[in-house]
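Residues per chain are reported as follows:
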Amino acid sequence: KGTWAEAKAEAKKTGKLIFVDAYAAWCGPCKWMAANSFTDKNVGAYFNEKFINVKMDMEKGEGPSLSSTFGIRVYPTLLFINGDGKIIQKTEGALDANGLLDLGKKVK
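So, here is what we can say about the structure in this document.

Criteria and thresholds
Residues numbered from 1 in each chain as written. Predicted model: local features only at pLDDT ≥ 70, side-chain atom pairs only at ≥ 80, totals over all residues. Heavy atoms only, no water. Phe/Tyr/Trp six-rings, centres within 6.5 Å; stacked < 30°, edge-to-face > 60°. Buried < 20%, exposed > 50% of the residue type's maximum accessible area, 1.4 Å probe, protein only. Lys NZ or Arg CZ within 6 Å of the ring centre and 35° of its normal. 1 Å grid on protein atoms, 1.4 Å probe; cavity = no way out; pocket = protein on both sides within 12 Å on 5 of 7 lines; lining within 4 Å. Points joined across faces, edges and corners; volume = space filled by probe spheres on them. Helix = DSSP H or I, 4+ residues; strand = E, 2+ residues; numbered from the N terminus. Nonpolar A, V, L, I, M, F, W, Y, C, P; charged D, E, K, R; others polar.

Describing an aromatic ring pair means giving the distance of the ring centres and the angle of the ring planes. For the coordinates displayed, the defined rule picks out 10 aromatic pairs. Note on Phe47 and Phe51: the rings are 5.0 Å apart at their centroids and 50° apart in plane angle, and the pair reads as tilted. Comparing Phe47 with Phe51 shows no difference in burial state: the two are buried. Taking the ring centre of Tyr23 as reference, the NZ or CZ of Lys55 above it sits at 4.4 Å. Against the face of Tyr46 rests Lys105, its NZ or CZ located 5.7 Å from the ring centre.

All right, on to the layout of surface pockets then. By volume, the second largest pocket is sized at about 180 Å³. Taken together, Phe19, Asp21, Phe38, Val43, Gly44, Phe47, Asn48, Asn53, Val54 and Lys55 make up the full set of residues lining the second largest pocket. For the lining of the second largest pocket, the secondary-structure elements that each account for two or more residues are strand S1 (17–23), helix H3 (41–50) and strand S2 (51–57). Counting residues per element, the lining of the second largest pocket draws most heavily on H3, which supplies 4 residues. Its residues assigned to classes, the lining of the second largest pocket comprises 5 nonpolar, 3 polar and 2 charged.

Here it is, written out as structure tokens:
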């Protein structure tokens, strides 16, 4: 919860990367990840410890602007962004819990 500016400020303050789940409400693979990957206890524990986690509908609120800024063309798109707003890692498409955990460990 909160604004994109708040997430970036927190990233700068803590030195953590921001993990963004860029999704659309109508996206089937996004819903699948929300129900399966993001609810995995190992994913939750690792991501909550290592990253500032943001789930953002790319078609509402700040989403369209960020979608344009980060060149999002596919849902879901998983982004790891530093406090300066620079993309460190961009992955397109759904991942299962193990794939998501592996991705997070490669980035951090």
